[in-house]
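Tertiary structure, described
As a plain string of letters, each chain reads:
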Amino acid sequence: MNYSTPVLTIDGPSGSGKGSISKRVAERLGWHYLDSGALYRALGLAAIKNHIDIKDEKALVTLVRQIDLEFKKTEQGYWAVLLNGEAIQDQLQTEEVGEIASKIAVFKEVRQSLLAKQQSFRKKPGLVADGRDMGSVVFPDAQYKVYLTASAEERGKRRYKQLIEKGINANLKDVIQDIEQRDERDQNRAFSPLVIPEGADYIDSSNDTVDEVVHHVLNVLKNT
Ligand code: DC
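The present account deals with the structure reproduced in this document.

Parameters and conventions
- Residues numbered from 1 in each chain as written.
- Predicted model: local features only at pLDDT ≥ 70, side-chain atom pairs only at ≥ 80, totals over all residues.
- Heavy atoms only, no water.
- Helix = DSSP H or I, 4+ residues; strand = E, 2+ residues; numbered from the N terminus.
- Contact = heavy atoms within 4.5 Å.
- Near = heavy atom within 4 Å.
- Polar contact = N/O pair within 3.5 Å; in protein donor to acceptor, adjacent residues only side chain to side chain.
- Areas by Shrake-Rupley, 256 points an atom, 1.4 Å probe, with all protein chains shown as cover.
- Nonpolar A, V, L, I, M, F, W, Y, C, P; charged D, E, K, R; others polar.
- Pairing = 2+ DSSP bridges.
- Axes fitted to C-alpha atoms, helices over the stretch in contact; angles between N-to-C directions.
- Buried < 20%, exposed > 50% of the residue type's maximum accessible area, 1.4 Å probe, protein only.
- Parallel < 35°, antiparallel > 145°, perpendicular 65-115°, else oblique.
- Left-handed = near helix turned anticlockwise from the far one by under 90°.
- Core = buried A, V, L, I, M, F, W, Y, C linked by side-chain atoms within 4.5 Å.

You can see I52 is positioned in the loop between α2 (36-49) and α3 (57-66). As for I52 and L63, which are separated by eleven residues in sequence, their C-alpha atoms are 8.8 Å apart. Excluding anything up to four places from it in sequence, I52 contacts A47, A59, L60 and L63.

Turning next to the site of the ligand. In the vicinity of the ligand, 17 residues are found, and the nearest of them are R41, R111, R132, D133 and R189. Contacts to the ligand include R41, whose side-chain N or O atom sits 2.6 Å from an oxygen atom. In the model, an oxygen atom of the ligand is placed 3.2 Å from a nitrogen or oxygen of the D186 side chain. For the ligand, whose free accessible area comes to 450 Å², the fraction covered by protein is 94%. Those elements that provide at least two residues to the shell around the ligand are α2, α5 (95-104) and α9 (172-188). Class assignment of the residues belonging to the shell around the ligand gives a composition of four nonpolar, five polar and eight charged.

So, about the sheet that holds strand β2 (residues 32-35). Taking strand neighbours across the sheet as the criterion, the five strands line up as β2-β6-β1-β7-β8 in an open arrangement whose pairing is parallel. Looking at which strands have only one partner, the edges of the open sheet turn out to be β2 and β8 (201-204). The sheet shows a mean angle of 20 degrees between the axes of neighbouring strands, direction not considered. Relative to strand β6 (residues 127-131), β2 runs parallel, the two sharing four bridges.

We now examine the environment of P193. Inspection of the secondary structure puts P193 in the loop between α9 and β8. Given the relative accessible area of 23%, P193 is considered partly exposed. Residues P193 and R132, spaced 61 residues apart in sequence, show a C-alpha to C-alpha distance of 7.3 Å. With sequence-adjacent residues up to four places away left out, P193 is seen in contact with R132, D186 and Q187.

Where α5 meets α9, the axes come as close as 10 Å, and the angle between the chain directions of the two elements is 20 degrees. By the angle between their axes, α5 is roughly parallel relative to α9. Pair α5 / α9 crosses with left-handed handedness. Residues E95, G98, E99, S102 and K103 of α5 lie in contact with α9, whose contacting residues are D178, R182, R185 and D186.

Further remarks concern the side chain of Q118. Summarising the element assignment, Q118 is placed in helix α6 (residues 108-119). With residues up to four places along the chain from it excluded, the contact list for Q118 reads L34, S36, L39, Y40, M134, V138 and F139.

Here the focus is the nonpolar core. L8, L34, F139 and V217 are the most contacted members of the largest nonpolar core, which has 55 residues in total. The residues touching L34, leaving out its near neighbours within four places in the chain, are L39, F71, Q118, F121, L127, V128, A129, D130, M134 and F139.

Attention shifts here to the sheet that holds strand β3 (residues 69-73). With antiparallel pairing, three strands are arranged side by side in an open sheet as β3-β4-β5. Both outer strands of the open sheet, β3 and β5 (86-87), are each paired with one neighbouring strand and no more. As paired strands, strand β4 (residues 79-83) and β5 are joined by two bridges and run antiparallel to one another. Among the inter-strand pairings, L82 is bridged to a residue of β5, identified as A87.

Written out as structure tokens, the structure is:
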């Protein structure tokens, strides 16, 4: 691995806007992009498709070895997630898959088996890595680190808006409660919990637009 290849890690909780921000920052920099949440979600989806018990850590680790996951920029300009060659990004964003991803992400061996896959995204000219443990575990030597968050209420409101726009019935109170439960699980698991990595720039996006946050993140690179 080339440790001199620059990496910008963007960690934070569900609904903090990491995904949109990371993609835009990667585009602005012309760098590669790793959506590590999509890896956990794709594994969750593969487990559903293969009827694997999501509590069976060994079976999940075997599944990791069997699946081939790729992120591809399409001609239309969006990122396609390919699971064994099949475009699956539309299936990854459901509440069910997010919930399963959060549950299988507690397993130490599952996390270890995904480590090398994640590190292999570090290629020239650089990488923007989005997740929960990018700056703390996967790329601890990253040159640039950001921790992006927003209040649970604000994140819940954003998620609720997305669901309603997609025509999915939702209740704001329940959405906020789900976010709080996922935070609890992500922050308190024994292996690679969601933490603010040492040396990371802390950005609270509760009152900022996407453009303002992108600007802020790009400034972190300029000023580091
Ligand atoms: O970012 P996301 O909502 O797509 O992530 C889905 C789940 O995957 C999240 O609840 C926890 C897990 N995850 C993780 O444990 N570590 C990462 N680096 C990324 C995601």
